[in-house]
Amino acid sequence: MISFSQVSKRYPGGHEALTGVDIAIAQGELIFLTGHSGAGKSTFLKLIAAIERPTRGVVSVSGQNVGRLSRRAVPYLRRNIGLVFQDHKLLFDRSAIENVVLPLDIAGVERRESMKRARAVLDKVGLLAREKANPVSLSGGEQQRLCIARALVARPALLLADEPTGNLDAGYAADIMTMFRDFHQVGTTLVISTHDDRAIAALGGRILHFDHGHIAEVNP
Amino acid sequence: MTGWLRHQKRAFIVALRHLSTQPLSTLLTALAMGVALSLPAGLYLALDNLGRLAGELPARPEISIYLAADASAAQKAALAERLKKPDIEGARFVTRDQALAALASEQGLADLAAGLAENPLPDAWIVRPRDATRDALIPLHDELAVLPGVAETQLDSAWAERLQALLAIGRTGVWLLAALFAVALAAISSNAIRAQVLARRDEILVSRLIGATDRYVRRPFLYLGAVQGLLGGFAAATVLAGAGAILRGPIEQLATLYGSAWRLHPPAAPEILALFVFTALFSWLGAWGSVMRTLRRVEGPG
Ligand SMILES: Nc1ncnc2c1ncn2[C@@H]1O[C@H](COP(=O)(O)OP(=O)(O)O)[C@@H](O)[C@H]1O
Ligand SMILES: [Mg+2]
C-alpha cells in the first residue's frame, strides 16, 4: 500500500531529515515508528500524506507517486488518510462534534448523514456525552481522542498518527493504543510514531526504528 | 440535493456566520462601501432628474430669418408662401418696429433704443420647424438662408443642444466615476476579506490537512464578499433615500416658485437592482483576488 524507494528529504536550510529510505508497508499492517527525537519519524508521516515532498526518491501510496501529485490532487489523497496530530489541531471556535464532522463536510456528505456518523465515532472514542462541549474544555486525553475521532470519521483505509500518546498519562495512553488495535483488527492500515515502548510490546505489530534519518527495521 | 449545491449552501451559511460574528466590522465595511457608492449613484440620479426636467421644458428650436432692407415685395411674398409648407409648424412675423419696441422694453436697453437716430433692426420671421431633430433642422435652415430677400438666418437650438451636451458629459462622468468606485469597492472588499482569511488561518490550515480543496476553502470567502457587497449596496441605497428625503421638499418648493408641478423622480426597480448587482459583483471580484493572494500567504507555496 505504501512504498518508499531511495527516499531522501532535505529541508530548506540544509538539514537532511531522511536519507535513502527503502520500505514497503502492506495493506492492513500495524506499524510503529520509534527512534530519538529528530530521527525523522514525523517527516516520514508527512511524506505519506504529501504534507512534505521528497527531495529524492519515490513515495507511493496506493500506486500513486504522492511526491509528484499536483496541488489539485492532494486533497483527494488526504481524504483517504486519517491524520492524528501530536498537537491535535482541533478548532476551538466550534463544538466537539463540529470538529469531527469537518472531514465529511469537506467531502460533501449530506449533513444529517454526517452528524449520524460523527455521533457513532464519538461514541466509539467515548466522547458522545461531550459532543456539544468546546474542545477547550476537554482534557488532553479527550482532545486526543477527539482528534482520533475526526481522523476516523471518513473511514479512511490508512491512519497516520504522530505521537498520539506523547503527552498523555499512562492510563489514557493505554486506552488509545487499545483503540488503535481495534481499528487494526477491522482492517485499517495504521502507521503510528511513538515513544511508548510498553504500548508496542502490548499490541505487537511491526517496528520501524529510526536513527538519524535511516531506518533500522526491528521485528518483534 | 447534489454535492455541488450542498457545498454552495454550506459556504453561504458559513459566510453569513462569519459576518454575524463580526457585526461591527461588517457594518463599517458596508458603510464605507455605501458612502463611496452614493457619490456615482447620486450623480446618476441627479442627471436622470435633470434630463427629465430638460425634456419637459419648451426646448423647441426656432429659426430666425432677418429680411434684407432692400427686399422686394415679391420676395417677401414668396418667403411667406414658403413658410406655409408642411415642414413648418408655424411662423410669426415681427416687424422692425415691433422688434425695436421689444428691445426698448428690455431692462437697461431703453436708453440705447431711445438714443438711436433710426431703427437699425430688420423685419424678421420667427419660424418653428415641425421636425426638431438636428438632421431635419440644418437642411431647412440652409434652404431658408439662401432665399432671395433674406439677409441673415439664425438657428436657435443652441441652448437645448448645449444642455444635451452637458448631460452627455455628465453621463460619461457617471460611468467614469462608477468605474473608479468599482475599483474602490473591490479594494474595500479585498481588505475586509483579507482580514477574514487571516482570522481563519487555523481553520484553513486544518481543513487543508484533512482534504479541503482550494474551492472549498475559497467559497465561503467569495460569498462573504458578495454578501458584504449587497450590504454595501443597501447602505448606498439608504444614504440616497435619506438625501432624497431631505432634498425633496426644497426642490419641489423651488419648482412651485417657477410655476412647475415638477417632482423629484426616484430610481426605478431595475436601477436599484442594477446597484445591488454592481456592488455584489465588484465586491465578489475584490474578494476573489484577496482570497487567492492571502491564501498563498497563509499556506505557503505548497
Ligand atoms: N520544517 C522543517 N524545517 C527544517 N527542518 C526540519 C523541519 N521539520 C523537521 N526538521 C528537521 O528534520 C529532522 C527530523 O525531524 P522529524 O521528522 O520531526 O523527527 P521526529 O519526528 O523523529 O522527531 C530534525 O532534525 C528536524 O529538526
Ligand atoms: Mg516528530
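This part covers the packing of helix H3 (residues 96-107) of chain A against helix H5 (residues 140-152) of chain A. Residues and elements named next belong to chain A. Relative to each other, H3 and H5 sit at 30°, their axes nearing to 7 Å. Taken together, H3 and H5 sit at an angle that is classed as roughly parallel. Regarding H3 and H5, the two cross each other, and that crossing is right-handed. From H3, Ala96, Asn99, Val100 and Pro103 reach across to H5, where they touch Leu146, Ala149 and Arg150. Considering only residue class, the contact of H3 with H5 consists of five nonpolar, one polar and one charged.

For chain B, the assigned domains are domain 1 (8-57 + 161-298) and domain 2 (63-156). Relative to domain 2 of chain B, the C-alpha centre of domain 1 of chain B lies at a distance of 54 Å.

Once that is clear, we can look at the side chain of His88(A). Following the sequence through the fold, His88(A) ends up in the loop between strand E6 (81-84) and H3. With residues near it in sequence (within four places) discarded, His88(A) still touches Gly140(A), Gln143(A), Gln144(A), Cys147(A) and Arg150(A).

So, about the sheet that holds strand E4 (residues 56-61) of chain A. All names here are of chain A. As summarised here, the arrangement of the four strands in space is E2-E1-E4-E5, forming an open sheet in which the pairing is antiparallel. Strands with a single pairing partner mark the edges of an open sheet, and in this sheet they are strand E2 (16-25) and strand E5 (64-65). For E4 and E5, the ladder comprises two bridges, and the chain directions are antiparallel. If you follow Ser60 over to E5, its bridge partner there is Asn65.

An ideal rise of 1.5 Å per residue puts 16 Å on twelve residues; helix H6 (residues 134-145) of chain B measures up with 16 Å between its terminal C-alpha atoms. Buried residues along H6(B) sit against strand E1 (63-67), helix H3 (73-82), strand E2 (88-94), strand E3 (124-129) and strand E4 (150-155) of chain B.

Residues and elements named next belong to chain A. Put simply, H5 and helix H6 (residues 170-185) touch, their axes get as near as 10 Å, and they point 15° apart. Overall, the two elements H5 and H6 adopt an arrangement that is roughly parallel. Along this stretch, H5 crosses H6, giving a crossing that reads as right-handed. Along its contact with H5, which presents Gly141, Gln144, Arg145, Ile148 and Leu152, the element H6 presents Tyr172, Ile176, Met179, Phe180 and Phe183. Broken down by class, the residue content of the contact of H5 with H6 amounts to seven nonpolar, two polar and one charged.

This paragraph deals with the pairing of strand E3 (residues 30-35) of chain A. All names here are of chain A. Where burial is concerned, most of E3 is hidden: six out of the six residues are buried. Neither face of E3 is left uncovered, since the one carrying Leu30, Phe32 and Thr34 and the one carrying Ile31, Leu33 and Gly35 both have all their residues buried. In this structure, E3 lies alongside strand E8 (residues 189-193), joined through four bridges in parallel fashion. Looking at the pairing, Ile31 lines up with Val191 of E8. Note: E3 against strand E9 (residues 206-211), five bridges, orientation parallel. Paired with Gly35 across the strands is Phe210, a residue of E9.

Taken together, the contacts link 19 residues of chain B with 21 residues of chain A. Taken together, both faces of the contact between chain B and chain A bury some 1800 Å²; the carbon and sulfur share is 55%. Summed over the three residues of chain B that lose the most area to chain A, namely Arg6(B), Leu209(B) and Ile210(B), the buried surface amounts to 34% of that side. Seen at the junction of chain B and chain A, the total is four salt bridges. The partner of Arg94(A) in a salt bridge is Glu203(B), with the nearest N and O atoms 3.1 Å apart. Viewed at the interface, chain A and chain B are joined by six residue pairs in polar contact (both at pLDDT 80 or more).

Residue and element names in this part refer to chain A. Inspection of the region around ligand 1 gives Tyr11, His15, Ala17, His36, Ser37, Gly38, Ala39, Gly40, Lys41, Ser42 and Thr43 as its neighbouring residues. With respect to ligand 1, the backbone of Gly40 contributes an N or O atom lying 3.0 Å from an oxygen atom. Ranked by the residues each element gives to the shell around ligand 1, the list is headed by helix H1 (residues 41-48), at three residues. Tallied by class, residues from the shell around ligand 1 come to three nonpolar, seven polar and one charged.

All names here are of chain A. Taken domain by domain, chain A holds domain 1 (1-80 + 158-220) and domain 2 (90-155). Counting each side, the surface lost to burial between domain 1 and domain 2 is near 960 Å², with a carbon and sulfur contribution of 76%. For the pair domain 1 and domain 2, the number of links is zero salt bridges. Applying the counting rule to domain 1 against domain 2 returns one residue pair in polar contact (both at pLDDT 80 or more). For the side of domain 1 that touches domain 2, the element with the most residues is H6, which contributes five residues. Residue classes in the side of domain 1 that touches domain 2 are distributed as eight nonpolar, no polar and two charged.

Turning next to the packing of aromatic side chains. Residues and elements named next belong to chain B. Summed over the entire model, instances satisfying the criterion amount to six aromatic pairs over all chains. With a centroid separation of 5.5 Å and an interplanar angle of 70°, the aromatic rings of Phe12 and Tyr223 are classed as edge-to-face. On the criterion of sequence distance, the pair formed by Phe12 in helix H1 (residues 3-21) and Tyr223 in helix H9 (residues 214-257) is long-range, its members being 211 residues apart. Relative accessible area serves as the criterion here: at 25%, Tyr223 is assigned to the partly exposed category.

The next point concerns a positive patch on the surface. Residue and element names in this part refer to chain B. A surface patch of positive charge is lined by Arg194, Arg293, Arg296 and Arg297. In terms of residues, the positive patch owes the most to one element, helix H10 (residues 269-299), which gives three residues. Here Arg194 is to be found in helix H7 (residues 158-199). Looking at Arg194, the relative accessible area reads 31%, which means it is partly exposed.

Rules of the game
- Just so you know, the residues in each chain are numbered from 1, in the order the chain's sequence is written.
- Here every chain gets a letter starting at A, and every ligand a number starting at 1, in the order they are written.
- Given that this is a predicted model, residues contribute local features only at a pLDDT of at least 70 and side-chain atom pairs are listed and counted only at 80 or more, while totals for whole chains, interfaces and linings are drawn from all residues.
- To obtain the side-chain values, all non-hydrogen atoms of the structure were included, while hydrogens and water were left out.
- Orientation is described by lines fitted to C-alpha atoms, with helices fitted over the stretch in contact, and by angles between N-to-C directions that extend from 0 to 180 degrees.
- Helix and strand assignments come from DSSP, with helices taken as H or I runs of at least 4 residues and strands as E runs of at least 2, each series counted from the N terminus.
- Each angle gets one of four labels, with under 35 degrees taken as roughly parallel, over 145 as roughly antiparallel, 65 to 115 as roughly perpendicular, and the rest as oblique.
- Crossings are classed by handedness, with left-handed meaning an anticlockwise turn of the near helix from the far one by less than a right angle and right-handed meaning a clockwise turn.
- For this analysis, residues touch if any pair of their heavy atoms sits within 4.5 Å.
- Each residue is assigned to one of three groups, with Ala, Val, Leu, Ile, Met, Phe, Trp, Tyr, Cys and Pro labelled nonpolar, Asp, Glu, Lys and Arg labelled charged, and all others, Gly among them, labelled polar.
- Each domain's extent is set by a domain assignment, obtained either automatically or from a database.
- We treat two strands as partners when DSSP finds at least two bridges between them.
- For a helix, the expected span equals 1.5 Å multiplied by the number of residues minus one.
- Relative accessible area decides the class of each residue, using a 1.4 Å probe on protein chains only: under 20% of the type maximum gives buried, over 50% gives exposed, and in between gives partly exposed.
- Buried area is understood as the total, over both parts, of accessible area removed when two parts are fitted together, assessed with a 1.4 Å probe.
- Any Lys or Arg side-chain nitrogen found within 4 Å of a carboxyl oxygen on Asp or Glu counts as a salt bridge.
- Polar contact is defined as a pair of N or O atoms within 3.5 Å, subject to the rule that within protein one atom must be able to donate a hydrogen and the other to accept it, and that residues adjacent in sequence are counted only when both atoms are side-chain atoms.
- We call a residue near a molecule or strand as soon as one heavy atom of that residue lies within 4 Å of the molecule or strand.
- In summary, the pairing rule links any two rings of Phe, Tyr or Trp, Trp by its six-membered ring, whose centres are within 6.5 Å, and it sorts them by plane angle into stacked for under 30 degrees, edge-to-face for over 60 and tilted for everything else.
- In this scheme, patches are assembled from residues that exceed 30% relative accessible area and form no salt bridge. Like charges are connected within 9 Å, while nonpolar side chains (Val, Leu, Ile, Met, Phe, Trp, Tyr) are connected within 5 Å.
- Accessible surface is estimated by sampling points in the Shrake-Rupley manner with a 1.4 Å probe; for residues, cover comes only from the protein chains shown.
- Residues counted as positive are Lys and Arg, residues counted as negative are Asp and Glu, and His and the chain ends are not counted.
- To locate a charge, take atom NZ for lysine, CZ for arginine, CG for aspartate or CD for glutamate.

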